[in-house]
Amino acid sequence: IEFSVVVPVHDEAGNAAALAREIAKALDGRSYEMVFVDDASRDDTRAELVALKAELPALRVVGHRRNAGQSRAVWTGVH
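Note that the structure is predicted; figures quoted are calculated from it, not measured.

(A) Just the packing of helix H1 (residues 16-26) against helix H2 (residues 45-52), in detail. H2 packs onto H1 with a crossing angle of 35° between their chain directions and a minimal axis gap of 9 Å. Residues Ala16, Ala17, Ala20 and Arg21 of H1 touch H2, and the partners they reach there are Thr45, Leu49 and Leu52. Considered class by class, the residues forming the contact of H1 with H2 number five nonpolar, one polar and one charged.

Written as structure tokens, this is what we have:
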């Protein structure tokens with residue numbers, strides 16, 4: 001893997017999938033992974049991202065059970 005992109009998200013239904021597609025487009029032809037960390041969203045953010053995995057195989061979705069903040073979400077994605 002040449003690039004790992006970590007993206008923390010919280011309540012971003014309707015936005016996170018578009019961002020994932022833009023990242024995939026920008027990195028097309030490269031070896032990469034996208035790690036989206038759902039920081040305990042209360043909307044459909046995680047469900048939308050999980051559904052998108054069929055379209056974007058480089059997408060990984062992980063999450064927090066409780067909101068821990070942006071810095072912690074980035075830490076989770078890196079680890």
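(B) Layout of the pairing of strand E2 (residues 32-39). Judged by how many residues are buried, E2 sits mostly within the fold: eight of eight residues are covered. Alternating residues of E2 divide into Tyr32, Met34, Phe36 and Asp38 and Glu33, Val35, Val37 and Asp39, and every residue in both groups is buried. Where strand E1 (residues 3-9) and E2 come together, seven bridges link them in parallel fashion. Paired with valine 6 across the two strands is valine 35, which belongs to E2. Bridge count for E2 against strand E3 (residues 59-64) is six bridges, and the pairing is parallel. Bridge assignment links valine 37 to a residue of E3, and that residue is valine 62.

(C) Region of the structure containing the sheet that holds E1. If you trace the three strands from one edge of the open sheet to the other, you get E1-E2-E3, paired in parallel fashion. With one partner strand each, in any of the chains shown, E1 and E3 form the two edges of the open sheet. The average undirected angle you get between the axes of adjacent strands in this sheet is 20°. Most of the contacts of H2 go to E3, to which it runs at about 155°, and overall it touches E1, E2 and E3.

(D) Seen up close, the environment of leucine 27. Structurally, the position occupied by leucine 27 is in the loop between H1 and E2. Residue leucine 27 is classed as buried on the basis of its relative accessible area of 14%. Separated by 19 residues in sequence, leucine 27 and proline 8 place their C-alpha atoms 18 Å apart. Look past the residues within four positions of leucine 27 in its chain and what remains in contact with it is Phe3, Val5 and Tyr32.

Conventions adopted
Residues numbered from 1 in each chain as written. Predicted model: local features only at pLDDT ≥ 70, side-chain atom pairs only at ≥ 80, totals over all residues. Heavy atoms only, no water. Axes fitted to C-alpha atoms, helices over the stretch in contact; angles between N-to-C directions. Helix = DSSP H or I, 4+ residues; strand = E, 2+ residues; numbered from the N terminus. Contact = heavy atoms within 4.5 Å. Nonpolar A, V, L, I, M, F, W, Y, C, P; charged D, E, K, R; others polar. Buried < 20%, exposed > 50% of the residue type's maximum accessible area, 1.4 Å probe, protein only. Pairing = 2+ DSSP bridges.

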